[in-house]
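# Working through the structure, step by step
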Amino acid sequence: MSVLKAENLSKAYEGRTIISDISVHIEKGEMVSLLGVSGGGKTTLFNLLSGLEIPDSGRVLLGERVVTGESGLVGYMQQNDLLLPFKTIADNVIIPLLLRGEKKKAALERALPLFEEFGLSGLENYYPAQLSGGMRQRAALMRSFLFSSDVLLMDEPFSALDAITRGSMQNWFRSIVREHGLSTFFITHDVNEALLLSDRIYILGGRPGRITHEFTNSIPEGENPELTEEFLRNKIRITELINGEE
Amino acid sequence: MAFIAIIIGVWELVCRLGLVAEFMLPSPGKVVRALVNELPIMLEHSRITLVEAAAGLGLSLVAALVFAVLMDRFEFLYRAGYPIAVLTQTVPTVAVAPLLVLWFGYGIAPKVILIFVACFFPMLIALLGGFGAADPGVLRLYRSMNASYLRILWDVKLPYAMDSFFSGLRISVSYSVVGAVISEWLGGNGGLGVYMTRVRKSFAFDKMFAVIIVTSVVSLILIKLVDIIQAMAMPWKKYEKK
């Protein structure tokens, strides 16, 4: 059974249809990405999935439950880390737990053991401004993770990082997702990133945006996965699929 | 600093050469002597002025906070209240002061009200601006986690408003001292404004200059105090890049 499923979602703003008849699903433990050009409706789809906006038609299911337009159920991480500059890293990551009514002490007890794994040990009492961009994204991911371990929606979370940091963040992200058996749905406009971080890739294209293709991928293993023949073959194939739509 | 020294030097020279009558412009030396001699008396008057300023400023802080939150929460209150707040700012303080004395007597009440009116608007504007400075992405994140308005206010809007709040507070602190002095001109038993009126009536302009200096110094100390409180209240600031 899918952890998250969208059926025939459509949304228009001021008479202009942004996305039309979109159906996607994410299985337990699966890494899925949504690949498409900027301004193609990717973020709109995420707003619908996270319940921040209500679709004109269609519905969203979390497990078997219909949750269309209900916010507060799915973890949502964005391009900006959105850490609060006036809270320490520890206080930032426990926000979702406090919002759920947990006491601060209990929340900290739950969060502190995770710092090591998220590569943030020793930085608990630092302010976001003292951390590098990559470290801040780790903290933001940890906050999303504490919010919901069912499924994480991620809107180009690494696109603001420099190329070297992005590469190491992608590797780290893949291992942490696998270790916790997380289900992730990842927005990106970067074909490489999609191939490195997804079991399945939806390609969003056209105007209004719709799912034009679905691509099953096997995440490459080992050193320099981007240099393997299979990776390049897949990259060419996907680029063709995207260009075929233009 | 050097520029101030030059001005004082020229001032002293003008007085020594007798270019201006002494009763109109006392020399810096005489002003300093008056300052030293009268300091204990002026400090006592400062105390009274400070109490009034603190009461008016404190009330305006509380009121500005309440109104800012209500206006942020309810759009119609913003539309109704904002023009009224602007109006309070356009009314000249000096002109209202005699009316306040007429209505509320020579006690502390008209003084506190005058200071309140002078400080309320800058504080309200500072807070409303500060609430608007909250990162829209963070607000969305909080809403995506189903946070209540009060939670968002406490966790996000108030902390984001602190920078702007302290800027407003710096302005209001100096307004509160000036407002207290103006209100004291119109009557009362003590305070720097009362002292000012007395020395003016006795043509003791060296003391007049001395009390102006004391008033400025009091304001400067208060503004500096706000800076110190801000640094303590916002420990993350020192890590942020300019």
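Everything quoted here is computed from the prediction, not taken from an experiment.

Conventions used here
Residues numbered from 1 in each chain as written. Chains lettered and ligands numbered in written order. Predicted model: local features only at pLDDT ≥ 70, side-chain atom pairs only at ≥ 80, totals over all residues. Heavy atoms only, no water. Core = buried A, V, L, I, M, F, W, Y, C linked by side-chain atoms within 4.5 Å. Buried < 20%, exposed > 50% of the residue type's maximum accessible area, 1.4 Å probe, protein only. Domains from an automatic or database assignment. Helix = DSSP H or I, 4+ residues; strand = E, 2+ residues; numbered from the N terminus. Expected span 1.5 Å × (residues − 1). Contact = heavy atoms within 4.5 Å. Pairing = 2+ DSSP bridges. Axes fitted to C-alpha atoms, helices over the stretch in contact; angles between N-to-C directions. Right-handed = clockwise from strand over helix to strand, strands pointing away. Patch = residues over 30% accessible without salt bridge, like charges linked within 9 Å, V, L, I, M, F, W, Y side chains within 5 Å. Areas by Shrake-Rupley, 256 points an atom, 1.4 Å probe, with all protein chains shown as cover. Salt bridge = Lys/Arg side-chain N within 4 Å of Asp/Glu carboxyl O. Polar contact = N/O pair within 3.5 Å; in protein donor to acceptor, adjacent residues only side chain to side chain. Nonpolar A, V, L, I, M, F, W, Y, C, P; charged D, E, K, R; others polar. Phe/Tyr/Trp six-rings, centres within 6.5 Å; stacked < 30°, edge-to-face > 60°. Lys NZ or Arg CZ within 6 Å of the ring centre and 35° of its normal. Buried area = accessible area lost by both parts, 1.4 Å probe.

With 47 residues, the main nonpolar core has Val93, Phe118, Leu141 and Phe173 of chain A as its most contacted residues. For this core, the domains that each give at least three residues are domain 1 (4–74 + 150–242) and domain 2 (84–147) of chain A. If you look at the next biggest cluster of nonpolar residues, it comprises 41 residues, including Ile95 of chain A together with Ala53, Phe120 and Phe166 of chain B.

What follows concerns helix 9 (residues 205–233) of chain B. With 29 residues, helix 9 of chain B extends 42 Å from end C-alpha to end C-alpha; this agrees with the ideal 42 Å at 1.5 Å per step. Looking at the buried positions of helix 9 of chain B, the neighbouring elements they touch are helix 2 (28–73), helix 7 (149–185) and helix 8 (192–201) of chain B.

For the rest of this paragraph, the subject is the sheet that holds strand 3 (residues 31–35) of chain A. Residue and element names in this part refer to chain A. Taken in spatial order, the 6 strands make up an open sheet running 6-7-8-3-9-10, and their pairing is mixed. This sheet does not close on itself; its edge strands, each paired only once, are strand 6 (75–77) and strand 10 (210–216). Taking each pair of neighbouring strands and ignoring which way they run, the sheet shows an average axis angle of 20 degrees. The sheet contact formed by strand 7 (residues 151–155) and strand 8 (residues 183–188) spans 5 bridges and is parallel. Note that in strand 8 the partner of Val151 across the bridge is Ser183. This element, helix 7 (residues 163–180), spans strand 3, strand 7 and strand 8 of the sheet and lies at about 135 degrees to strand 3.

Residues and elements named next belong to chain A. Within strand 8, 6 of the 6 residues are buried, which leaves the element mostly enclosed by the surrounding structure. Neither face of strand 8 is open: one carries Ser183, Phe185 and Ile187, the other Thr184, Phe186 and Thr188, and all of them are buried. Relative to strand 8, strand 3 runs parallel, the two being bridged by 5 bridges. Bridging from a neighbouring strand, Val32 pairs with Phe185 of strand 8. At this point the chain moves from strand 7, through helix 7, to the parallel strand 8, and the crossover so formed is right-handed.

Another point: a nonpolar patch on the surface. Together, Val62, Val66, Phe67, Leu70, Phe74 and Phe76 of chain B make up an exposed nonpolar region whose accessible area comes to about 560 Å². In terms of residue count, helix 2 of chain B provides more of the nonpolar patch than any other element does, 4 residues in total.

This part takes up the domain arrangement of chain A. Residue and element names in this part refer to chain A. Examined at the domain level, chain A breaks down into domain 1 (4–74 + 150–242) and domain 2 (84–147). Computed over C-alpha atoms, the centres of domain 1 and domain 2 are 25 Å apart. Taken together, the 15 residues of domain 1 in the interface contact 10 residues of domain 2. On inspection of domain 1 and its partner domain 2, the count reaches 0 salt bridges. For the pair domain 1 and domain 2, the number of links is 2 residue pairs in polar contact (both at pLDDT 80 or more). Secondary structure elements with two or more residues in the side of domain 1 that touches domain 2: strand 7 and helix 7. Looking at the side of domain 1 that touches domain 2, the element that brings in the most residues is helix 7, giving 7 residues. Residue composition of the side of domain 1 that touches domain 2, grouped by class: 11 nonpolar, 3 polar and 1 charged.

So, about the packing of aromatic side chains. Using the criterion set out here, one finds 19 aromatic pairs over all chains in the structure. Seen in terms of ring centroids, Phe118 of chain A and Trp172 of chain A are 5.7 Å apart; in terms of plane orientation they differ by 70 degrees. Their pairing is edge-to-face. Of the two residues, Phe118 of chain A is situated in the loop between helix 5 (114–117) and helix 6 (133–147) and Trp172 of chain A in helix 7; the sequence distance between them amounts to 54 residues. Each member of the pair Phe118 of chain A and Trp172 of chain A is classed as buried. With centroids separated by 5.9 Å and ring planes inclined at 50 degrees, the aromatic side chains of Phe158 of chain A and Phe186 of chain A adopt a geometry described as tilted. With Phe158 of chain A in the loop between strand 7 and helix 7 and Phe186 of chain A in strand 8, the pair connects residues that are 28 residues apart, well separated along the chain. With a relative accessible area of 1%, Phe158 of chain A lands in the buried category. By way of ring pairs, the aromatic residues Phe86 and Tyr127 of chain A together with Tyr160, Trp236 and Tyr239 of chain B are connected into one cluster. Lying over the aromatic face of Phe74 of chain B, Arg73 of chain B brings its terminal NZ or CZ to 5.4 Å of the ring centre.

Our next topic: the interface of chain A and chain B. Residue-level contacts link 21 residues of chain A with 21 residues of chain B. Both sides together, the interface formed by chain A and chain B hides about 2000 Å², and carbon and sulfur atoms give 65% of it. Together, Leu82, Phe86 and Leu99 of chain A form the three largest contributors to the area buried by chain A at its contact with chain B, with a combined 29%. Across the chain A-chain B interface, the total number found is 1 salt bridge. With its nearest N and O atoms 3.8 Å apart, the salt bridge here joins Asp155 of chain B to Lys87 of chain A. In this assembly, chain A and chain B are joined by 3 residue pairs in polar contact (both at pLDDT 80 or more). Secondary-structure elements contributing two or more residues to the side of chain A that touches chain B are helix 3 (95–99) and helix 6 of chain A. Among the elements that take part in the side of chain A that touches chain B, helix 3 of chain A stands out by supplying 4 residues, more than any other. Class assignment for the residues of the side of chain A that touches chain B results in 14 nonpolar, 5 polar and 2 charged.

Let us look at the sheet that holds strand 2 (residues 16–27) of chain A. Sheets are built from strands paired through backbone hydrogen bonds, the pairs being either parallel or antiparallel. Residue and element names in this part refer to chain A. Taken in spatial order, the 4 strands line up as 2-1-4-5 in an open sheet, and their pairing is antiparallel. What marks the edges here is a single partner per strand, and that holds for strand 2 and strand 5 (65–66). Of the pairings in the sheet, the one linking strand 1 (residues 2–13) to strand 4 (residues 57–62) comprises 5 bridges and is antiparallel in character. Of the residues in strand 4, the one forming a bridge with Glu7 is Arg59.

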